[in-house]
Amino acid sequence: QVQLVESGGGLVQAGGSLRLSCVGSGSTFSIIGIGWYRQAPGKQRELVAHISSGSNTNYADSVKGRFTISRDNAKNTVYLQMNSLKPEDTAVYYCNKATWIGRTTIITSAWGQGTQVTVSS
């Protein structure tokens, strides 16, 4: 069973960048898809980006061209590079094991604590 821990959040000005990390435990990390999600206050959690075991990627329309998801299986880590950040990107960001099924994902694992990203205007 792979367990995931998010880190890298913080406070940044609009237009700035952050890189989030999702570090996994266990020997099966390389064969699972990973999704990054976010939840803003008063809103539902939403998919931000997904990377498959074969490194195919998908993005929410709101972050295309600004965010990049990548993985380093040697480090059991999936990254989310976030550039040109906007105040509306403010949210708690979570990663989770996820299977892409076309425009959305299936999640079967519990959520972690996430990492807070705050973008000031």
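Residues numbered from 1 in each chain as written. Predicted model: local features only at pLDDT ≥ 70, side-chain atom pairs only at ≥ 80, totals over all residues. Heavy atoms only, no water.

*Asks:* So what about the nonpolar core? Which residues, and what values?
*Replies:* Counting 27 residues, the largest nonpolar core has Ile34, Trp36, Leu80, Met82 and Tyr93 as the members making the most contacts within it. Counting only elements with at least two residues in this core, the list comes to strand S3 (18–24), strand S4 (34–39), strand S5 (46–51), strand S7 (67–72), strand S8 (77–82), strand S9 (91–100) and strand S11 (115–120). (Core = buried A, V, L, I, M, F, W, Y, C linked by side-chain atoms within 4.5 Å. Buried < 20%, exposed > 50% of the residue type's maximum accessible area, 1.4 Å probe, protein only. Helix = DSSP H or I, 4+ residues; strand = E, 2+ residues; numbered from the N terminus.)

*Asks:* If you had to explain the pairing of S5 to someone new, which residues and values would you point to?
*Replies:* Two strands pair when backbone bridges link them, and S4 and S5 are joined in this way by five bridges, in the antiparallel orientation. Bridge assignment links arginine 38 to a residue of S5, and that residue is glutamate 46. The antiparallel pairing of S4 with S5 creates a hairpin that spans six residues between the two strands, and glycine 42 there sits at a positive phi of about 75°. Of the strand pairs in this sheet, S5 and strand S6 (residues 57–59) are connected by three bridges, and their pairing is antiparallel. Residue pairing across strands places alanine 49 opposite tyrosine 59, the latter belonging to S6. (Pairing = 2+ DSSP bridges.)

*Asks:* Got a sec to walk through unusual backbone geometry? Specific residues and values, please.
*Replies:* Positioned with a positive phi, serine 84 is a non-glycine residue whose angle comes to about 50°. With respect to the helices and strands, the residue serine 84 is situated in the loop between S8 and S9. You will see that arginine 103, though not glycine, has its phi angle at about 75°, which is positive. Inspection of the secondary structure assignment puts arginine 103 in the loop between S9 and strand S10 (105–107). Classification of arginine 103 by relative accessible area gives exposed; the value is 78%.

*Asks:* So what's going on with the pattern of salt bridges? Which residues, and what values?
*Replies:* In this structure the tally under the stated criterion is four salt bridges. Between glutamate 46 and arginine 38 there is a salt bridge; the shortest N-O distance is 2.7 Å. Since its relative accessible area comes to 36%, glutamate 46 is described here as partly exposed. Taking relative accessible area as the criterion, arginine 38 reaches 7% and is therefore assigned buried. The residue aspartate 89 makes a salt bridge to arginine 66 at a minimum N-O spacing of 2.7 Å. Here the residue aspartate 89 occupies a position in the loop between S8 and S9, and arginine 66 occupies one in the loop between S6 and S7, the gap between them amounting to 23 residues. The network of salt bridges with common partners includes Arg38, Glu46, Arg66 and Asp89. (Salt bridge = Lys/Arg side-chain N within 4 Å of Asp/Glu carboxyl O.)

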